[in-house]
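# Examining the three-dimensional arrangement
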Amino acid sequence: MIDLRSDTLTLPDRPMLETILSAPLGDDGRLDEEGRGEDATVNKLEDMAASLTGKEAALFCASGTMGNQAALLTWCRPGDTVLVDELQHLDRSEKTAFEPRFGQMEKAFYKFDADGMPDPADMERTLREKSVKLICVENSHNYTGGTCITPERMAAVRRLADKYGVPVHMDGARVFNAAAYLGVSAKELAQYADTLMFCVSKGLGAPVGSLLCGSKNFIGKAKDTRKLLGGAMRQAGVVAAPAIYALEHNIERLREDNENAAYCASLLTGLRKTLVQKNVQTNIMMLDVKDSGVTPREFCERAREKGLLIRPIINTSVRLVFYKGITRRDAERAAAIIREIDAAL
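Residues numbered from 1 in each chain as written. Predicted model: local features only at pLDDT ≥ 70, side-chain atom pairs only at ≥ 80, totals over all residues. Heavy atoms only, no water.

## Overview of the environment of T269
Counted only if it meets this: The helix count covers DSSP runs of H or I at least four residues long, the strand count covers runs of E at least two residues long, and both are numbered beginning at the N terminus. Per-residue accessibility, obtained with a 1.4 Å probe over protein chains only, is compared with the maximum for each type, and a residue is labelled buried under 20%, exposed over 50%, and partly exposed between these values.
Here T269 lies in the loop between α11 (254–266) and β9 (275–276). According to the relative accessible area criterion, T269 is exposed, its value standing at 53%. For the pair T269 and L83, spaced 186 residues apart in the sequence, the C-alpha separation amounts to 37 Å.

Here is the structure:
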């Protein structure tokens, strides 16, 4: 089977796993007077993450959901309004901050422009009309097919945030894929956000974890929030060590995943019933099956029968995600299977 359901399916290779054997360990939940835990490997990972994103400090979290929600629950309080886009992952999938049972925050929405980036004019309209406490952006953007926000547009968002005195949080789960496509560093994209979360367990290939990055003062507060969420871990160096290896060895190779996604899309021109995402930018490619006569789930079942695992993602869309271990040949075979299905519709 060619499994393109998600880049969370990356598996650690032997050199990555061997880093665990020599990693110094400690209790990351026991803090010293500087607010640092006792696990030296976790501390090293957090320092690396802060350096890569140009922030003062970082916090190791068990997942991207925990990292994003720890950020929102630190920035905001129940009843506060958070400005998000209508397809933002931290709202549509993670939900915690906006759940009546938990974060109890209110949502205000901004629209995308024709290029799939936040529309500054629409953002400003909402900032004028509502008392917004936090602006959230997602880079790259999952549910629109891995589209990226350019540094220029991030700078425009920053200017708006400064004008209205509102902090910016970036869900950068795949920010290194975005940086690879845009030809910039993650630090250049992160400079326009007050806080940033990125995952090491997606294209970077580590088995567990995400990093929340920001000022030293903010991360100190977020550490308390993480504890409330059950995220204070013991001997977490066993998962931090592979994450360090991922940051040291796997950032540059993300270009390969981006290229394989674009290559697969290029092989799907001229389909009869299936719409293929235009301008594939990173490691995600979307298909729209609204005119195919089958549901997204049925389309995915037909693909499974032919040896391709893909998944329905939102509305009438099906998502393919490319990652470490998926080859150019896999991309060709995936395209061939989709062509077979489309021809039979």
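Right, picking up where we left off after that structure.
## Considering the pairing of strand β5 (residues 132–138)
Going by this rule: The criterion for strand pairing is that DSSP finds at least two bridges linking the strands in question. Assignment of crossover handedness uses the view with strands pointing away from the viewer, where a clockwise path from the first strand over the helix to the second indicates a right-handed crossover.
Burial analysis of β5 places six of its seven residues in the buried class, the great majority of the element. Bridging between strand β3 (residues 81–85) and β5 involves three bridges; their strand directions are parallel. Looking at β5, one finds that V82 is bridged to L134. Relative to strand β6 (residues 168–171), β5 runs parallel, the two sharing four bridges. For V137, the partnering residue across the bridge sits in β6 and is M170. Assessed by its sense of winding, the connection that carries the chain from β5 through helix α6 (residues 151–164) to β6 is right-handed.

## Here we look at the UniProt feature "modified residue: N6-(pyridoxal phosphate)lysine" (unreviewed entry) in the chain
Keep this limit in mind: UniProt positions are given in the numbering used here, feature names are shortened, and annotations may be inferred rather than shown by experiment. The contact definition used throughout considers only heavy atoms, calling two residues in contact when any of these lie within 4.5 Å.
The residues that UniProt annotates with the feature "modified residue: N6-(pyridoxal phosphate)lysine" (unreviewed entry) are K202. Turning to its location among the elements, K202 is positioned in the loop between β7 (195–199) and β8 (210–214). Contacts of K202, omitting those with residues within four sequence positions, involve D7, T8, T10, A173 and R174.

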